[in-house]
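Below, each chain spelled out in residue letters.
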Amino acid sequence: MDPKRSRNSPDSPESTRFPDEVLERVLSLLRSHKDRSSVSLVCKDWYNAERWTRTHVFIGNCYSVSPEIVSGRFPAIRSVTLKGKPRFSDFNLVPENWGADIHQWLVVFAEKYPFLEELRLKRMTVTDESLEFLATSFSNFRAISLLSCDGFSTDGLAAIATHCKNLTELDIQENDMEDNGGGWLSCFPENFTSLEVLNFASQQGDVSFDALERLVARCKSLRVLKVDKYVKLEQLHRLLVQSPQLTDLGTGNFQQELTPRQFAELESAFRNCKNLHTLSGLWDATSLYFPVLYSACGSLTFLNLSYAALQSGDLVKLLPHCPNLRRLWVLDTVEDKGLEAIGSSCPLLAELRVFPADPFDLDINHGVTESGFIAVSCGCPKLHYVLYFCRQMTNAAVATIVQNCPDFTHFRLCIMNPRQPDYLTGEPMDEAFGAVVKTCTKLQRLAISGLLTDLTFEYIGKYAKNLETLSVAFAGSSDWGMQCVLRGCAKLRKLEIRDSPFGNAALLSGLAKYESMRSLWMSACNVTMNACRILAREKPRLNVEVMKDDETDSRVDKVYVYRSVAGPRRDAPPFVLTL
Amino acid sequence: MSKPLQEHDYIGLSEGPSMETSEKNKGLNLKATELRLGLPGSESPERESKIRGVNGGGDGGGKSLGGSESGSVAVKEAVPLPPKPVPEKKPQVSGSAPAAKAQVVGWPPIRSFRKNSMASNPPKNEENDADAKSGSGCLYIKVSMEGAPYLRKVDLKTYSSYTDLSLALEKMFSCFTIGQCCSHGVPSRGLSESRLIDLLHGSEYVLTYEDKDGDWMLVGDVPWEMFIESCKRLRIMKSSDAVGLAPRAMEKCRNRN
């Protein structure tokens, strides 16, 4: 990009004489933010055309940029996606009040983007005041999605419901939300009918069911409805009767004593839902009431059973009714037999997640093993996304699995006991992950576990050429491991490491690399303050943030390194040292 | 979740004794091949010939740091680790009992929302689904009535008081009690709220329950919360059978007649 080149210069290439209007028209059709980023790097004119036509901005790390910079570059934004805290904050590794508060963003947006329509936040702190400010500052506001956020209560939802007259989407997923009652649903005005997406599955209390029923009845465009577990089966029936057009349903509690007539009515209601492709919720479901679902299961592509402690027999009964499943989430109570049923009933399966019902139970006789995983891989050759929590695994099994399914893009294996070796041979699990990276050339995301030496990291650095995200816990033997990864994985963007013996040499070996990455997280490793200071000094465009519990220990507990054009953040709490 | 450990008490680094033992057993000595910063004045371990000297990363990096580094890293290796709170799990074939471990912060990596959801509705792998479940989900118990051909089940969590429960039981068992009413010449109007309570606590029936200790008790003595925690099953008994259980009912009977 040559800043000196002007539009009318005789030396400029043909493209700069292209009329702005046409260029902008063409570029406005681009949706992918990666494409837009590429386009903006072509030349100054394209940069300008792109910035004027961008309507949606995706910010993967809220501290990498400031709201002033964003609004300065992109004048016409209608939709913002922001991600805040490091991913390990989901697992309580980041103390409270760390930051990632949305409020300052909203203040700037209220001034610069008064026509803002959509806001999607992940791992941000959002207070009720912020939600109220949002609801009252943007008259066109349509869609809010909060995933894994904290700081707000149902009062904030009430503010949204009260003020956002054109709301189409209220999507509250897996948040730490305070429950101040279910009255917020009654705050939608009686003449409000525009809702298309309503997800309050993470509420931990009752809602006013009458208000919910009336809302569902009058919002004829509602396509996604996910209720919380306090909505009972007979109430679900009343909702379904009002909304057979749903494509995405999250039920409430799926266990209630029904009379035969109620059972038949519920079955009929499900039968009328001809467009259902996603089903979730199903708290406490047992196979007793699955038959009400059968008629709706034929079109299902995503079934989330991860809140129902089903046994293998339950899956055996249910799955043959769901031949079109692409995505399936289950609890490990289904055990290997249940996974065998998946292997035989779901040939189109692309994504499987197996969550542990009792993660702190060390009894190896519970849950799933390597056999179940192998069974799925045999029956589901299209599998490309897996998240698998287990208590035992072998190198040979993983090798077999990736041979059956070489197209993995996301491979997240969690052997729940830290540093557990191959339980048959007693060896480290290096060869397992070696097989994964050698065979799965499209691998973008990898999470490793078990007993792992530096050899695993050698393999990753050598073979995982498309790897973008790597999660490491209790793994490796020395700095060498981390160095292999930093050197070898050209596309690496996110590296998060905990409880591994990587120290200063490893940290500093990535000096040249961190600016091409979104972030690096290291906690409970061997890194000291000095190395962090050196990194901060050598690379001023990186923010190096350190958290230390123990004053006497020169090791840092947590270091979070990320690139930023906004400089060091000004809202860091006292326990975060910005170097 | 119980109070988590301090994060840096992670279970065993490569220097951890049991891990070293297991490694050494295989003829490796990874400690020796570990790259250190190797700065002047710091201790440097014996190195075997198997060192990966190809990559100058470790040593090269160390050199470029100059003398500003206090050498604390290398010194650190000599310092014994904080005592591990739990024994290391040794590599063994299956079948061995896993060592008891204290919980590690944030491990296994599951979001709090999911953990909280499962905590309040613990899955019971061994128990029959039909048995009472604990937790805030639901609390189904069997209700039997003398003379009724089959039992019913109620979810005690859906009621907030004894009155609620009475009303619900009235609805459920009305088919049996109406008959009784009629046969005694009482005008058959719809059973009202007070009727079944009369029936239950009055002349005909008493409501009893089996508690955790297996004793049969009269419903209504203890506060509601305590009742639902200890109640395992309900039984609607004829007061004539409830001798010793329902002194109040017996008294009412006597007073009425």
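On a predicted model such as this, the values are computed, not experimentally measured, just so you know. (Residues numbered from 1 in each chain as written. Chains lettered and ligands numbered in written order. Predicted model: local features only at pLDDT ≥ 70, side-chain atom pairs only at ≥ 80, totals over all residues. Heavy atoms only, no water.)

### Comments concerning the overall build of chain B
Of regular secondary structure, chain B possesses nine helices and five strands. Moving toward the C terminus, one meets the helices and strands of chain B in the order α-α-α-α-α-β-β-α-α-β-β-α-β-α. Burial analysis of chain B (257 residues in total) assigns 40% to the buried set. Considering only contacts in chain B between residues 6 or more positions apart, those separated by 24 or more positions represent 51%. In the form shown here, chain B has an accessible surface area of approximately 13,700 Å², with 54% of it arising from carbon and sulfur atoms. (Helix = DSSP H or I, 4+ residues; strand = E, 2+ residues; numbered from the N terminus. Buried < 20%, exposed > 50% of the residue type's maximum accessible area, 1.4 Å probe, protein only. Contact = heavy atoms within 4.5 Å. Areas by Shrake-Rupley, 256 points an atom, 1.4 Å probe, with all protein chains shown as cover.)

### A word on the confidence of the model for chain B
Residues and elements named next belong to chain B. Chain-level statistics for chain B give a pLDDT mean of 57 and a share of 34% at 70 or above. Confidence, expressed as mean pLDDT per element, reaches its minimum in chain B at helix H3 (residues 57–65) with 36 and its maximum at strand S5 (residues 231–238) with 85. Counting interchain partners and residues more than four positions distant, the pLDDT-below-50 stretch residues 1–30 has 65 contacts. Scored below 50 in pLDDT, residues 36–100 makes 92 contacts in the model with residues more than four places away or belonging to other chains. Interface predicted TM-score (ipTM) for the complex: 0.87; the corresponding pTM is 0.72. (pLDDT = per-residue confidence, 0-100.)

### Notes on a nonpolar patch on the surface
Residues and elements named next belong to chain A. On the surface, Phe18, Val22 and Val26 cluster together to form a nonpolar patch covering roughly 250 Å² of accessible area. Within the fold, phenylalanine 18 resides in the segment before helix H1 (20–27). What makes phenylalanine 18 partly exposed here is its relative accessible area of 42%. (Patch = residues over 30% accessible without salt bridge, like charges linked within 9 Å, V, L, I, M, F, W, Y side chains within 5 Å. Salt bridge = Lys/Arg side-chain N within 4 Å of Asp/Glu carboxyl O.)

### Focus on the side chain of Ser280(A)
Here Ser280(A) lies in strand S11 (residues 278–280). With relative accessibility at 9%, the residue Ser280(A) sits in the buried group.

### Section: the packing of helix H2 (residues 33–40) of chain A against helix H3 (residues 44–53) of chain A
The geometry of H2(A) relative to H3(A) is characterised by a closest axis approach of 8 Å and an angle of 145° between their N-to-C directions. Residues Arg36(A), Val39(A) and Ser40(A) of H2(A) lie in contact with H3(A), whose contacting residues are Trp46(A), Tyr47(A), Glu50(A) and Thr53(A). (Axes fitted to C-alpha atoms, helices over the stretch in contact; angles between N-to-C directions.)

### As for the UniProt feature "domain: Transport inhibitor response" (unreviewed entry) in chain A
UniProt annotation of "domain: Transport inhibitor response" (unreviewed entry) refers to residues 75–121 of chain A when read in the numbering used here. Span residues 75–121 of chain A is 21% helix and 19% strand, its end C-alpha atoms 20 Å apart. (UniProt positions renumbered as here; feature names shortened; annotations may be inferred.)

### Points about the sheet that holds strand S4 (residues 216–218) of chain B
All names here are of chain B. A sheet is described by the order of its strands in space; here five strands give the open sequence S2-S1-S5-S3-S4, paired in mixed fashion. Of all the strands in the sheet, just strand S2 (152–155) and S4 have a single pairing partner and so form its edges. Across the sheet, the axes of successive neighbouring strands diverge by a mean angle of 30°, strand direction being ignored. Pairing of strand S1 (residues 140–145) with S2, which is carried by four bridges, proceeds in the antiparallel orientation. (Pairing = 2+ DSSP bridges.)

### Focus: the environment of Arg111(B)
Counting through the fold element by element, Arg111(B) comes out in the loop between helix H4 (72–78) and helix H5 (112–120). The contact partners of Arg111(B), leaving out residues within four places of it in the chain, are Asp90(A), Phe91(A), Lys122(A), Arg123(A), Leu147(A), Ser148(A) and Glu174(A).

### Details of the environment of Asn140(A)
Residue and element names in this part refer to chain A. In this structure, asparagine 140 sits in the loop between helix H6 (128–137) and strand S4 (143–147). Taking the C-alpha atoms as reference, asparagine 140 lies 6.5 Å from leucine 116; in sequence the two are 24 residues apart. Beyond its immediate stretch of four places on either side in the chain, asparagine 140 contacts Arg78, Phe115, Leu116, Glu117 and Asn166.

### Re the pairing of strand S1 (residues 56–59) of chain A
Residues and elements named next belong to chain A. Residues Val57 and Ile59 of S1 are buried on one face, while the alternating residues His56 and Phe58, pointing to the opposite face, are not. Judged from the four bridges that link them, S1 and strand S2 (residues 79–83) form a sheet pairing that is parallel. Paired with valine 57 across the strands is valine 80, a residue of S2. Between S1 and its parallel partner S2, the chain crosses via helix H4 (residues 67–73), and the hand of that crossover is right-handed. (Right-handed = clockwise from strand over helix to strand, strands pointing away.)

### What to know about H6(A)
The set of residues buried in H6(A) consists of Asp128(A), Ser130(A), Leu131(A), Leu134(A) and Ala135(A). The buried residues of H6(A) all sit within an arc of 160° when viewed along its axis, so they share a single face. (Arc of directions from axis to C-beta.)

### A look at a negative patch on the surface
Together, Glu96(A), Asp176(A), Glu178(A), Asp179(A) and Asp206(A) make up a negatively charged patch on the protein surface. In this structure, Asp179(A) sits in the loop between strand S7 (176–178) and strand S8 (197–199). (Lys, Arg positive; Asp, Glu negative; His and termini not counted. Charge placed at Lys NZ, Arg CZ, Asp CG, Glu CD.)

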